[in-house]
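Letter by letter, the chains look like this.
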Amino acid sequence: MKKIIIAIDGYSSCGKSTLARELARVLHYIYIDTGAMYRAVTLYFINHNIDFKNEEEVTNALNNISIDFRKIKSEIHTFLNSQDVETSIRSMQVSELVSEVSAISSVRSFLVQQQQAMEQQKGIVMDGRDIGTVVFPSAELKIFLTASPEIRATRRKKEYEQKGIDISLEEVKNNLAHRDHIDSTREDSPLRQAADAILLDNSYLTKEEQLKFVLDLMSEKFNLH
Ligand code: DC
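Residues numbered from 1 in each chain as written. Predicted model: local features only at pLDDT ≥ 70, side-chain atom pairs only at ≥ 80, totals over all residues. Heavy atoms only, no water.

Overview of the overall build of the protein chain
Right, on to step 1. Secondary structure summary: the protein chain contains nine helices and eight strands in total.
Right, on to step 2. Relative to the compact-globule value of 17 Å for 225 residues, the protein chain shows a C-alpha radius of gyration of 17 Å, a close match.
Right, on to step 3. Each principal axis of the C-alpha atoms in the protein chain carries an extent, and together these give about 50 × 40 × 40 Å.
Right, on to step 4. For the protein chain, the residues scored as buried account for 50% of the 225 residues in total.
Right, on to step 5. Pairs at least 24 residues apart make up 70% of the contacts formed inside the protein chain by residues separated by at least 6 positions.
Right, on to step 6. When the accessible surface of the protein chain is summed, it comes to about 11300 Å², and 50% of that surface belongs to carbon and sulfur atoms.
Right, on to step 7. Here the protein chain contributes 28 positive and 33 negative side-chain charges, whose respective centroids are spaced 5 Å apart. (Helix = DSSP H or I, 4+ residues; strand = E, 2+ residues; numbered from the N terminus. Rg over C-alpha atoms; globule rule 2.2 N^0.38 Å. Buried < 20%, exposed > 50% of the residue type's maximum accessible area, 1.4 Å probe, protein only. Contact = heavy atoms within 4.5 Å. Areas by Shrake-Rupley, 256 points an atom, 1.4 Å probe, with all protein chains shown as cover. Lys, Arg positive; Asp, Glu negative; His and termini not counted. Charge placed at Lys NZ, Arg CZ, Asp CG, Glu CD.)

Some thoughts on the nonpolar core
Right, on to step 1. In this structure, V41, F45, I65 and V107 are the most contacted members of the largest nonpolar core, which totals 37 residues.
Right, on to step 2. Within the residue set of this core, elements represented by two or more residues are β1 (5–10), α2 (34–47), α3 (55–63), α4 (92–102), α5 (105–117), β6 (124–128) and α6 (131–135).
Right, on to step 3. It is α2 that contributes the most residues to this core, nine residues altogether.
Right, on to step 4. Setting aside anything within four residues of it in sequence, one finds V41 in contact with L62, I65, I67, V101, V107 and L111.
Right, on to step 5. Counting 21 residues, the second largest nonpolar core, distinct from the first, contains I8, V125, I143 and L200. (Core = buried A, V, L, I, M, F, W, Y, C linked by side-chain atoms within 4.5 Å.)

Observations regarding the site of the ligand
Right, on to step 1. Not every one of the 15 residues close to the ligand is listed here, only the nearest: R39, R108, D130, R179 and R186.
Right, on to step 2. Between the ligand and the protein, one listed contact pairs a nitrogen atom with a side-chain N or O atom of T34 at 3.0 Å.
Right, on to step 3. Here R129 contributes a side-chain N or O atom positioned 3.0 Å from an oxygen atom of the ligand.
Right, on to step 4. Considered on its own, the ligand offers 440 Å² of accessible surface; in the complex 96% of this is hidden by protein.
Right, on to step 5. At the level of secondary structure, the elements contributing two or more residues to the shell around the ligand comprise α2, α4 and α8 (169–185).
Right, on to step 6. The biggest single contributor to the shell around the ligand is α2, with four residues. (Near = heavy atom within 4 Å. Polar contact = N/O pair within 3.5 Å; in protein donor to acceptor, adjacent residues only side chain to side chain.)

A few points about α5
Right, on to step 1. Across its 13 residues, α5 extends 18 Å between first and last C-alpha, which sits within 8% of the 18 Å expected from 1.5 Å per residue.
Right, on to step 2. Along α5, the positions that sit buried rather than exposed are S106, V107, R108, F110, L111, V112 and Q115. (Expected span 1.5 Å × (residues − 1).)

Here we look at the pattern of salt bridges
Right, on to step 1. Considering all chains together, one arrives at 13 salt bridges under this definition.
Right, on to step 2. In this structure, E86 and R90 form a salt bridge, with 2.8 Å as the shortest nitrogen-oxygen distance.
Right, on to step 3. K212 is the partner of D216 in a salt bridge, and the nearest nitrogen-oxygen pair spans 2.7 Å. Of this pair, D216 and K212 both sit in helix α9 (residues 207–222), four residues apart, which is roughly one turn of that helix.
Right, on to step 4. A network of salt bridges, in which partner residues are shared, links D33, E86 and R90. (Salt bridge = Lys/Arg side-chain N within 4 Å of Asp/Glu carboxyl O.)

Observations regarding unusual backbone geometry
Right, on to step 1. One non-glycine residue, S82, lies in positive phi territory at about 70°.
Right, on to step 2. Tracing the sequence through the fold places S82 in the loop between β4 (75–80) and β5 (83–84).
Right, on to step 3. S82 sits in the exposed class, given a relative accessible area of 52%.
Right, on to step 4. In this structure, S189 takes a positive phi of about 40° despite not being glycine.
Right, on to step 5. Tracing the backbone shows S189 in the loop between α8 and β8 (198–201).
Right, on to step 6. A residue is classified by how much of its surface remains accessible, and S189, at 12% relative accessible area, is buried.

Description of the packing of aromatic side chains
Right, on to step 1. Scanning the entire structure with this criterion turns up two aromatic pairs.
Right, on to step 2. On the numbers, 6.1 Å between centres and 85° between planes, the contact of Y11 with F144 is edge-to-face. Taken together, the positions of Y11 in the loop between β1 and α1 (16–27) and F144 in strand β7 (residues 141–146) put the pair 133 residues apart, joining distant regions of the chain.
Right, on to step 3. The partly exposed category is assigned to Y11, whose relative accessible area is 27%.
Right, on to step 4. The ring of F79 has R70 sitting right over it, with the charged end atom 4.2 Å from the ring centre. (Phe/Tyr/Trp six-rings, centres within 6.5 Å; stacked < 30°, edge-to-face > 60°. Lys NZ or Arg CZ within 6 Å of the ring centre and 35° of its normal.)

Written out as structure tokens, the structure reads:
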């Protein structure tokens, strides 16, 4: 069976990782969460007091960063310099700074290079902001996921609550709007729907309906399952 690259891009908290993870599970593909990589770099910068505006400090810091993914009890965890940072990269502190860090060109080229090297493993579902436009412009299937801001904020608040983090809907909404703005207006590879990406608004779709939508698309396009 031919294995392809599936690129999933979209705004913050649209459910990209949920859909990508599910697709990878049913297709036996590898799932790569590129947002986790930007979050891991951000966490390193916070922990080492790196001045984001100082290009030399940023370059030196990047030379000391190694990111990889490991399976822990059937869940994929992000490792930063061999430490499991899966929980800490999802903190509000990281969420507040990650878009600024992701707008730095040297950070982007450092991570894009590593993401492109993963192509060798074909059978990949990768989610992020620039996968269909920059990382894998020739990906066989590209999805651009969207949902209403209200629904996205409500979903993200629920995720925080499940982790025991008390945060107002207003705060979550502001963080999402702030990140969307920076992600789509930055100079280097801004968030855009690729010309050949298929738009999927999942505001009123269940996880199962979204999965079926993509699997049906794959059947139509490639006769893959
Ligand atoms: O998907 P996420 O919310 O975990 O991503 C965190 C941030 O990382 C997001 O605000 C923008 C940035 N990002 C990016 O610039 N490019 C990617 N391919 C993935 C994420």
